[in-house]
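# Fold and geometry: a report
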Amino acid sequence: MNAQGVARAQAFTILNEKVLPAPARLLSWCPTMDIIAFVGDTSTVSVYRMSGQRVWTQDVKVRVECIAWKPDGKLLAIGLDNGATLLCDVNDGSVAHMIDASDAFGKVCMVGWVQEDPTQRQRKSHRPDGQDVEKFMPRLNKITSISKAGAHSVLDAIVQSANEAVMDVLVAADDQGHLHVSIFGTFFLGMVTLAVPTPAHHSSTSTLSTHIITVADKAVQNQQWSLLDMSFFRHYNVSIRNLASISTKVFSLIAYLAEAYEAMTTEWKEMKRIQLLYMDACVETIEEHEAGPVTPVIELFQLLMTGIPSSVLREWLTDRLTEKGLKRWEKASASGYAAIRRLLVEHVHPALDRLALALTKLEKLSSDQSLDLQRQHVQSCLDLHRMLFMQSHFLLRIMNEEDVRFKSFAAWLKFIFDEISPVEGAPPPNDDAPDEIDATKVAEFIVRCLPQSRIRRYFESEGPALPCQQRPEEASDLKMSKTFMNDWSIQHMEGDAVSDEASLENILKALRLSSIEVFRAPAQMLREKISIHPKKLLTTGNPEATSTSSILRVVERVDEKEAFMAYDVTYGSERALHVHRYLMREESESDANPCSTSLVGIAVVNLETDGESCEVKDLAFVDDQSMLLLLCTSDSSKYALWALDYSSLTYTPLAEGNAITADIPSQSLQTSRKRWLGAGFVPKAIAVNGRAGRRIGCVMAEEQQRYLIFDLDADDDEGEDGTGHSDEEGIDMED
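A brief structural summary.

## A closer look at the pairing of strand β12 (residues 178–183)
Every other side chain in a regular strand lies on the same face of the sheet, so the side chains alternate between the two faces. β12 sits mainly inside the fold: six of its six residues count as buried. Between strand β11 (residues 168–174) and the antiparallel strand that follows it, β12, lie three residues; G177 among them carries a positive phi value of about 90°. Between β12 and strand β13 (residues 187–193), which pair antiparallel and follow one another directly, the connecting turn spans three residues, one of which, F184, has a positive phi of 60°.

## A few points about the nonpolar core
In this structure, W316, W329, F409 and W412 are the most contacted members of the largest nonpolar core, which totals 114 residues. With 22 residues, helix α6 (residues 375–420) is the largest single contributor of residues to this core. Not counting residues up to four positions away in its chain, the partners in contact with W329 are I274, Q275, Y278, M279, L321, F406, F409, L413 and L450.

## Focus: the sheet that holds strand β26 (residues 639–645)
The strand order β23-β24-β25-β26-β28 describes an open sheet built from five strands, whose pairing is antiparallel. Each edge of the sheet is formed by a strand with only one pairing partner; in this case those strands are β23 (608–609) and β28 (674–676).

## Focus: the packing of helix α5 (residues 311–365) against α6
Contact geometry of α5 with α6 gives a least axis separation of 9 Å together with a crossing angle of 160°. Between α5 and α6, the crossing angle belongs to the class labelled roughly antiparallel. Regarding α5 and α6, the two cross each other, and that crossing is left-handed. Its residues placed into classes, the contact of α5 with α6 shows 29 nonpolar, 10 polar and 10 charged.

## Let's talk about the pairing of strand β2 (residues 26–29)
Across four bridges, the pairing between β2 and strand β3 (residues 35–39) is antiparallel. Of the residues in β3, the one forming a bridge with L26 is V39. From the end of β2 to the start of β3, which pair antiparallel, there are five residues.

## Things to note about the pattern of salt bridges
By the definition in use, this model includes 29 salt bridges. The partner of D383 in a salt bridge is R386, and the shortest N-O contact between them spans 2.8 Å. In this pair, D383 and R386 both sit in helix α6, three residues apart, roughly one turn of the helix. Linked by salt bridges that have partners in common, K272, R456 and E460 make up one network.

## So, the state of the cysteines
Summed over the entire model, instances satisfying the criterion amount to zero disulfides. This cysteine, C632, is not joined by any disulfide, and C614 carries the nearest cysteine sulfur, 7.2 Å off.

## Some remarks on the packing of aromatic side chains
Counted under the stated rule, the structure contains 19 aromatic pairs. Residues F38 and Y707 carry aromatic rings whose centres are separated by 5.0 Å and whose planes lie at 50° to one another, so their mutual orientation is tilted. Note that F38 is positioned in strand β3 and Y707 in strand β31 (residues 706–711), a separation of 669 residues in sequence. Across this residue pair, the class does not change: F38 and Y707 are buried. Ring geometry for W642 against W676: centres 6.5 Å apart, planes inclined by 85°, an arrangement best described as edge-to-face. With W642 in strand β26 and W676 in strand β28, this residue pair connects regions lying 34 residues apart in the sequence. A residue is classified by how much of its surface remains accessible, and W676, at 22% relative accessible area, is partly exposed. Here K638 stacks its cationic end above the ring of W676, 5.2 Å away from the centre of that ring. Sitting over the face of the ring of F12, R673 holds its NZ or CZ atom 4.6 Å from the ring centroid.

## Remarks on the sheet that holds strand β19 (residues 550–556)
The five strands are arranged β19-β20-β21-β22-β27 in an open sheet whose pairing can be described as mixed. Looking at strand neighbours, the two that pair on one side only are β19 and β27 (666–668), the edges of this open sheet. Put simply, the sheet's adjacent strands are angled 30° from each other on average, direction ignored.

## Focus on helix α3 (residues 237–289)
Given a rise of 1.5 Å per residue, 53 residues ought to cover 78 Å, and the 77 Å separating the end C-alpha atoms of α3 matches this to within 8%. Immediately beyond the C-terminal end of α3, within one or two residues, lies E290, with a positive phi of roughly 50°.

## Observations regarding unusual backbone geometry
One non-glycine residue, F12, lies in the positive phi region at around 55°. Within the secondary structure, F12 is located in the segment before β1 (14–19). Look at L208: it is not a glycine, yet its phi comes out positive at around 65°. Within the secondary structure layout, L208 lies in the loop between β14 (199–204) and β15 (210–215).

Here is what the cut-offs are and how they apply
Residues numbered from 1 in each chain as written. Predicted model: local features only at pLDDT ≥ 70, side-chain atom pairs only at ≥ 80, totals over all residues. Heavy atoms only, no water. Buried < 20%, exposed > 50% of the residue type's maximum accessible area, 1.4 Å probe, protein only. Helix = DSSP H or I, 4+ residues; strand = E, 2+ residues; numbered from the N terminus. Pairing = 2+ DSSP bridges. Core = buried A, V, L, I, M, F, W, Y, C linked by side-chain atoms within 4.5 Å. Contact = heavy atoms within 4.5 Å. Axes fitted to C-alpha atoms, helices over the stretch in contact; angles between N-to-C directions. Parallel < 35°, antiparallel > 145°, perpendicular 65-115°, else oblique. Left-handed = near helix turned anticlockwise from the far one by under 90°. Nonpolar A, V, L, I, M, F, W, Y, C, P; charged D, E, K, R; others polar. Salt bridge = Lys/Arg side-chain N within 4 Å of Asp/Glu carboxyl O. Disulfide = S-S within 2.5 Å. Phe/Tyr/Trp six-rings, centres within 6.5 Å; stacked < 30°, edge-to-face > 60°. Lys NZ or Arg CZ within 6 Å of the ring centre and 35° of its normal. Expected span 1.5 Å × (residues − 1).

Right, here's the structure in full:
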């Protein structure tokens, strides 16, 4: 109420009140969409719309410690207790990529994802030579026969971003101060080690050249941070972006091809299973009759030549195979051939075309000496790709030939069934075979495909081979393969050697190993260029004072870059908010002392309103001017959302590392926008999205199931009761 007794409008209009089906302990807004991620008690991550509709839920099977959104909102980074970091697709929660934990890397305690501002580059991008062919290629289709969508998610969520001019950096930290650094989340530079444990927050300048890591220390007397200098982003921005983009595409396409080959192998194994089922039955029939040294191939070939089935073959046809079984065999083969053909034409060949383009770009990029790319490793990748390309086309040709042969074989068996077991009342069988039966094709299938399909070697690298003479066309295939592969230099790669008889899967594995070798050296070179400045002791304070929440933000204006760190301080009954302001400097001409910070001053805000002392339950930066505080009175009877303009605070100069004493004048807690929450809602945490066009917030209740969605800019109408929602509004519960 104001002095005239009129109800004052509350800020932060409540848009929705919802209830989760299970408690959530972490929450984070997507920066580009009105969706919010919640983390359950252990390993469950869920994403919800503003309306309360659940988009997806993913159980990652390992305890989740922290989350962070990719700046473009397409991926969610999930830090796990086992040291791994998952990148999940925003559309369905599928794992698009995983950064494995190294031996020394412990529990992930922080993930931060930052993005460059291309307008801040000091070096202009080079124009590409001509049109980029990839822009005119259609998108790769999702492999519907594979339940997982990892590679396809990467291609949609990461590769498309990598094609753009904006670069981003993902940093995951463990509780020992080890950092995993990746570009685009997939080009892994390696691990660097800080001199401080338990990183809490991460931010960077818009050029990605200077990164700040703060330490989560509850003791206020030990507030500190470390600076990471990645000045190579300024000096080699275009080259690094191209390298990281190509790396992401190469490994994503290899993973996509692996999924396609897995689907093809599944189809092939099912075809093979049905065929072996009836061929084994034929062998058993021969053994039961003790027919001597004959095989199903001999029996069937004799039947083809004479037209008279032996007693053994007649029994197999009528009792074991049967017309129903023949239909089953025919259906499985037709379905398998069609599925493999579709996977080759719609998935494998387009992916190989894209991979050829990426490797060609990589070959051109290897001329840039600053990236430390080894030409011989790039050539190995090109040679392996060429082999994979040829083998995939050979497979398509051979499979089509075998499909035609099998159709003639199946039609011939139908004709034999009509001969030996005519249907009662049907007209007498015609001695002439139907037109669709080509005796030559039938003979080729019996002799060449039944003992061992020529498709087999494309899917099975090892296994007992039935004794048979090498076919002329196979010799021709191998000769062509050797002609192209006579100079490739992967004979001494670790892992299984690749031979001309290698399966598609093994060739792809060799290509992946060779690709890893290509990008290992430039990643190591960039990692070694990351300079870690000595940890900086920001301030010391009362040893008995404690802090529960802290936040970090880098603010860039036209002529300066600043870093702000805010944290609450509790000492006895005294409660305050400390805000540090630092001036950041980035050297653009030289690598000598490329980045540094200097303390501008510290603002101490007395947490008291309307004569009541308050404490900070949570806080968050909204934008480059304001932060949002979640306050509660000392008796925990009232709770408020409180906007604070930190840019207009008075900052008292103080030498870095000095103690914060009572000499620093405290400032009163001023605001023009606040909201007192209803008595029935006890809040615990807040999350905000202060981006232009979004401007949305969420406050989670103490029981971690109820939450409020509020507008950062809208205010209630005059005279509202302050609850933020009418009596008619219900609370949605997810089923």
